[in-house]
Amino acid sequence: MSVIQFRFPWVRDRADAARDEIRLLERLRSGDEEAFVTLVGRHHDSMLRLAKTFVHSHAVAEEVVQETWLGVLRGIDRFEGRSSLRTWLLAILVNRARSTGAREARTIPASGPEGFVPAVDSSRFDASGAWSSPPEAWEEAVEDRIGATALRAEILSALAKMPARQRAVVMLRDVDGLRGDEVCQVLDLTPVNERVLLHRGRSRLRQALEDTMQGATA
Amino acid sequence: MSLLGPAEIPCQEVVELVTDYLEGTLSRGDRRRFEHHLAGCPHCTAYLAQMRETLRLTGRLIPEDLSPEMQREFAAIYERWQAGG
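Treat the numbers as computed from the prediction; the structure is a model and nothing was measured.

Student: Looking at this model, I keep getting lost on the overall build of chain B. Mind explaining?
Tutor: Tallying secondary structure elements over chain B gives 4 helices and 0 strands in all. Start at the N end of chain B and walk to the C end: the helices and strands fall as α-α-α-α. Taking 12 Å as the expected radius of gyration for a compact globule of 85 residues, we find that chain B reaches 23 Å, considerably beyond that expectation. Counting only C-alpha atoms and orienting by the principal axes, one finds that chain B spans roughly 70 × 25 × 15 Å.

Student: Got a minute to help me understand the overall build of chain A in this structure?
Tutor: When helices and strands are counted, chain A shows 9 helices and 0 strands. Secondary structure elements in chain A, listed N-terminal to C-terminal, are α-α-α-α-α-α-α-α-α. Taking the contacts inside chain A whose residues are at least 6 apart along the sequence as the reference set, 64% of them involve residues at least 24 apart.

Student: Help me understand the nonpolar core, please; the structure alone is not making it clear to me.
Tutor: In summary, soluble globular proteins display a tendency toward joint burial of nonpolar side chains. Ranked by size, the top nonpolar core spans 45 residues in total, and within it A:L50, A:A51, A:L89, A:L93, A:V169 and A:L172 carry the most contacts. Of all the elements in the fold, those that place two or more residues in this core are α2 (33-51), α3 (58-75), α4 (85-104), α6 (148-161), α7 (164-175), α8 (180-187) and α9 (191-217) of chain A together with α4 (68-82) of chain B. In terms of residue count, the dominant contributor to this core is α4(A) (8 residues). In this structure, A:L50 is in contact with A:L90, A:L93, A:A168, A:M171 and A:L172, ignoring residues within four places of it in sequence. A:F125, A:W131, B:V18 and B:M51 belong to the second largest nonpolar core, which has 16 residues in total.

Student: Help me understand unusual backbone geometry in this model?
Tutor: Where the residue is not glycine, phi is negative for most of them; where a peptide bond is considered, it is trans in most cases. All names here are of chain A. Backbone geometry places D188, a non-glycine residue, at a positive phi of 60 degrees. In this structure, D188 sits in the loop between α8 and α9. A count of 12 C-beta atoms within 10 Å places D188 in the exposed class.

Student: What exactly am I supposed to notice about the interface of chain B and chain A here?
Tutor: As a measure of interface size, the accessible area lost when the parts come together is often cited. Contacts between chain B and chain A engage 40 residues on the former and 45 residues on the latter. At the level of elements, α1 (11-23), α3 (42-58) and α4 of chain B are the ones that each hand at least two residues to the side of chain B that touches chain A. For the side of chain B that touches chain A, the element with the highest residue contribution is α3(B), accounting for 13 residues.

Student: Honestly, the environment of A:P118 in this entry has me stumped. Any pointers?
Tutor: Structurally, A:P118 can be placed in the loop between α4 and α5 (142-146). Judged by the 13 C-beta atoms lying within 10 Å of it, A:P118 is partly exposed.

Student: Could you clarify how one ought to interpret α1(B) in this entry?
Tutor: Because each turn of an α-helix spans 3.6 residues, side chains separated by three or four positions in sequence point in the same direction. Residue and element names in this part refer to chain B. Helix length check: α1, at 13 residues, gives a terminal C-alpha distance of 19 Å against a target of 18 Å (1.5 Å per residue), a fit within 8%. Considering bend angle alone, the principal kink of α1 is centred on L17 and spans about 45 degrees. For α1, every residue scored as buried is listed here: C11, V14, V15, L17, V18 and T19. Immediately beyond the C-terminal end of α1, within one or two residues, lies G24, with a positive phi of roughly 75 degrees.

Student: Help me out: how do you make sense of the packing of α1(B) against α3(B) in this one?
Tutor: To describe two helices that pack against each other, one gives the angle between their axes and the distance between the axes. Residues and elements named next belong to chain B. Relative to each other, α1 and α3 sit at 20 degrees, their axes nearing to 11 Å. When the axes of α1 and α3 are compared, the pair comes out roughly parallel. Considering only the axes of α1 and α3, their crossing is right-handed. Residues C11, V14, V15 and V18 of α1 form the contact with α3, whose participating residues are H43, C44, Y47, L48 and M51.

Student: Is there a simple way to explain the environment of A:A141 in this structure?
Tutor: Note on placement: A:A141 falls in the loop between α4 and α5. Spatially, the C-alpha atoms of A:A141 and A:S46 are 27 Å apart, while their sequence positions differ by 95 residues.

Student: Which parts of the structure should I look at to understand the environment of A:T68?
Tutor: All names here are of chain A. Inspection of the secondary structure assignment puts T68 in helix α3. What makes T68 buried here is the crowd of 23 C-beta atoms within 10 Å. Along the backbone, T68 and T212 are 144 residues apart, and their C-alpha atoms lie at a distance of 38 Å. Aside from chain neighbours lying at most four places away, what touches T68 is M47, L89, I92, L93 and R96.

Rules and cut-offs
Residues numbered from 1 in each chain as written. Chains lettered and ligands numbered in written order. Predicted model: local features only at pLDDT ≥ 70, side-chain atom pairs only at ≥ 80, totals over all residues. Helix = DSSP H or I, 4+ residues; strand = E, 2+ residues; numbered from the N terminus. Rg over C-alpha atoms; globule rule 2.2 N^0.38 Å. Contact = placed C-beta atoms within 7 Å. Core = buried A, V, L, I, M, F, W, Y, C linked by C-beta atoms within 7 Å. Buried ≥ 20, exposed ≤ 12 C-beta atoms within 10 Å, placed from the backbone. Expected span 1.5 Å × (residues − 1). Bend = angle between axes of the 7 residues up to and from the residue. Axes fitted to C-alpha atoms, helices over the stretch in contact; angles between N-to-C directions. Parallel < 35°, antiparallel > 145°, perpendicular 65-115°, else oblique. Left-handed = near helix turned anticlockwise from the far one by under 90°.

Fair warning: the whole summary comes from geometry, so function is off the table for now.
This is the structure:
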């Protein structure tokens, strides 16, 4: 069971969301400009964030998103509804971003052999592997302690420090709410790879919040 | 990672299993050992709670709305496309 709550009011459940998207697609196919702008608005932020994990410049990332939408307009009849619209869009985006990144010749290294990075620094365990510096229970809500604005900045900063593929996986899963199999499809990853990247990314996020909570206490 | 050895898992290994646990991809035996450890370890219980809280907060990042300027830009893209551009 997912612990993530969708924060999109229109994604109360997946079936609802899918029906809604199908209606928008039908309007788009019949030439409704407003449906297009609505669809773009829903997906633009996710698409731009994902594009930025493939190319360096913000301007190039925006171009990739625009090209993706043009491709969608030209190929809208090819969408068969076998995957969710979002997964389909993001997969097209990744293809474009990869080829643009290659043309730019500044592609962010695909995986970067990061090696094993522990979820928690080994200095916090004793020789037997038991906690010597254990995490404290967060009794107070994190938002109350550090404030919503600072919290947002912390999370974004921790995401920005991650290697590109780790960041892509964590954002797709935990910010955009895609399922693991959808992320594998979008990023062309094996389930095991996806979980490893997710694990490292989530562990970093937790550590960043723990550091912030401790800083706020001191 | 295999946990077929000793029944007790040290905390340092438990934290590496948290994602597989939340994803539901631990084997039944590993899941039992994981939960058995949690039942007796308040620190790892706190760790798991922190992880769940981290996911909840990350899931609440609000996407940026399309600015009016971008809306106009995409409307223009659409019109060019419809005009056969």
